[in-house]
Amino acid sequence: MDNKDQIIPSIYNYCDRWCERCAFTQRCSAFAMEAEMFDDEQEFDSETLVRKLSNILADAKAMIIEKAEELGIDPTPISDEEFNDIQARQEKFIEAEEFAVLAHQYAKDGFPTLESRAEWLPPSSGDSEAVEEAVSALYRYLFFIPVKIRGGVHGLLDVDGFEDPEQLSDPQSDSNGQIKIALIAIERSILDWTYLLDESNADRIRPLIRLLDRIKNGAEEKFPQAQDFIRPGFDEIETVM
């Protein structure tokens, strides 16, 4: 079978981007593109980088235009005033969702907590490999969570910045897919913070766990069908392996 025939379309949109731990790298076009771009055996200079990025952007532009035509969207530029109005509607809509705001707050609070872990995480706290694994995952998902939450909420809007009810009601909408992977990252983060928790650091860690719980509950309430989203590859292993 040709390698292109094995590619799973859009699998990279609903993963955690932890490629070194993924069983589907050989079936992911994003991974293949990055591997080609950063091949250690290639002569890599600024001219090569510019050329490769130009090719990627050209391909992306062609795909966007093709998709716009498929959806009946006019890809021609809009005025600055129209663009600003759309952005304002989008931001107002996203900021109205408390869990989206809290997701940003989690990253803001979680980063300095992880960076100062030497102060609250004694060397003797649990199995060293398990602790390292937990910390690594927490770093991995710290900014991933707010990005995916924001992406899911933003996806509820049409191109003009107005809410599209179909996005919420369709279990296979991109919005539900973005929220599902965010929920997976949230649940993993709660487990990892809980593993690092003890009496000596409870004042630092418990607020973050409570914050994640609030984000999770808010996302599940807003997106009741997110868990029903079938992620390409990951949720259909029997059909693609």
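That block above? That's the structure.
Residue numbers here run from 1 along each chain, matching the order of that chain's written sequence. Totals for whole chains, interfaces and linings use every residue, but because this is a predicted model, local features are given only for residues with pLDDT of at least 70 and side-chain atom pairs only at 80 or more, for both listing and counting. Side-chain metrics rest on all non-hydrogen atoms present in the structure, leaving aside hydrogens and water.

Asks: Before we go on, may I ask you to explain the overall build of the protein in this structure?
Replies: Broken down by element type, the protein carries 11 helices and zero strands. Secondary structure of the protein in N-to-C order comes out as α-α-α-α-α-α-α-α-α-α-α. We call two residues in contact whenever any of their non-hydrogen atoms come within 4.5 Å of each other. Within the protein, counting contacts between residues at least 6 apart in sequence, those at least 24 apart form 73% of the total. On the protein, roughly 14,900 Å² of surface is accessible, and the fraction owed to carbon and sulfur atoms is 52%. In this description a helix means any DSSP run of H or I spanning at least four residues, a strand means any run of E spanning at least two, and both kinds are numbered starting from the N terminus. Accessible surface area values rest on a Shrake-Rupley calculation with a 1.4 Å probe, where residue burial reflects the displayed protein chains alone.

Asks: What should I look at first to understand the packing of helix H3 (residues 80–95) against helix H7 (residues 144–154) in this one?
Replies: For helices, the axis comes from a line fit to the C-alpha atoms of the stretch in contact; other axes are also lines fit to C-alpha atoms, and the angle between any two N-to-C directions lies between 0 and 180 degrees. Contact geometry for H3 and H7: axes closest at 10 Å, N-to-C directions at 115°. Seen along the crossing, H3 lies across H7 with a hand that is right-handed. Residues Gln90, Glu91, Phe93, Ile94 and Glu95 of H3 form the contact with H7, whose participating residues are Arg150, Val153 and His154. When the residues that make up the contact of H3 with H7 are grouped by side-chain class, the tally is three nonpolar, two polar and three charged. Working rule for handedness: look at the near helix, and if it is turned counterclockwise from the far one by less than a right angle, call the crossing left-handed; if clockwise, right-handed. Throughout this entry, Asp, Glu, Lys and Arg are counted as charged residues, while Ala, Val, Leu, Ile, Met, Phe, Trp, Tyr, Cys and Pro are counted as nonpolar. The remaining residues, Gly among them, count as polar.

Asks: Help me understand the packing of helix H6 (residues 128–142) against helix H9 (residues 174–196), please; the structure alone is not making it clear to me.
Replies: Helices that pack against each other are described as a pair by the angle of their axes relative to one another and the distance between those axes. It is the contact of H6 with H9, at a shortest axis distance of 9 Å, that shows an interaxial angle of 140°. As far as their axial angle goes, H9 and H6 are oblique. For the pair H6 and H9, the crossing hand works out as left-handed. Of the residues in H9, those in contact with Ala130, Val131, Glu133, Ala134, Val135, Ala137, Leu138 and Tyr141 of H6 are Ala185, Arg188, Ser189, Asp192, Trp193, Tyr195 and Leu196. Looking at the contact of H6 with H9 residue by residue, the class counts come to 11 nonpolar, one polar and three charged. Any angle from 65 to 115 degrees is called roughly perpendicular, while one under 35 is roughly parallel, one over 145 is roughly antiparallel, and all others are oblique.

Asks: What exactly am I supposed to notice about the layout of surface pockets here?
Replies: In this model, the second largest pocket occupies a volume close to 290 Å³. Detection works on a 1 Å grid of protein atoms alone, calling trapped sets that fit a 1.4 Å probe cavities and calling open sets with protein on both sides within 12 Å along at least five of seven lines pockets, with lining residues defined by an atom within 4 Å of a point. What lines the second largest pocket is a set of 19 residues, and nearest its centre among them are Cys15, Asp16, Trp18, Cys22 and Phe234. A class-by-class count of the residues in the lining of the second largest pocket yields 13 nonpolar, one polar and five charged. Grid points are joined across faces, edges and corners, and a volume is the space filled by probe spheres set on the points.

Asks: Sorry if this is basic, but what is going on with the nonpolar core here?
Replies: Nonpolar side chains in soluble globular proteins generally cluster together in the buried interior. Here, the term nonpolar core denotes a set of buried Ala, Val, Leu, Ile, Met, Phe, Trp, Tyr and Cys residues that are joined through side-chain atoms within 4.5 Å. Here's how the labels work: a residue is buried when its accessible area is under 20% of the maximum for its type, exposed when over 50%, partly exposed in between, all with a 1.4 Å probe on protein chains only. Ranked by size, the top nonpolar core spans 43 residues in total, and within it Tyr106, Ile149, Trp193, Leu196 and Ile215 carry the most contacts. Breaking this core down by element, the ones donating at least two residues are H3, helix H4 (98–115), H6, H7, H9 and helix H10 (202–222). It is H9 that provides the largest number of residues to this core, a total of nine residues. Excluding residues that lie within four positions of it along the chain, tyrosine 106 makes contacts with Leu138, Leu142, Ile145, Ser189, Trp193, Leu208, Leu211, Leu212 and Ile215. Counting five residues, the second largest nonpolar core, distinct from the first, contains Ile8, Ile11, Phe24 and Cys28.

Asks: Explain the environment of tyrosine 195 to me, please; I cannot follow it from the model alone.
Replies: Secondary-structure assignment places tyrosine 195 in helix H9. The exposure class assigned to tyrosine 195 is partly exposed, which follows from its relative accessible area of 40%. Expressed as a C-alpha distance, the spacing of tyrosine 195 and alanine 130, which sit 65 residues apart in the sequence, is 8.9 Å.

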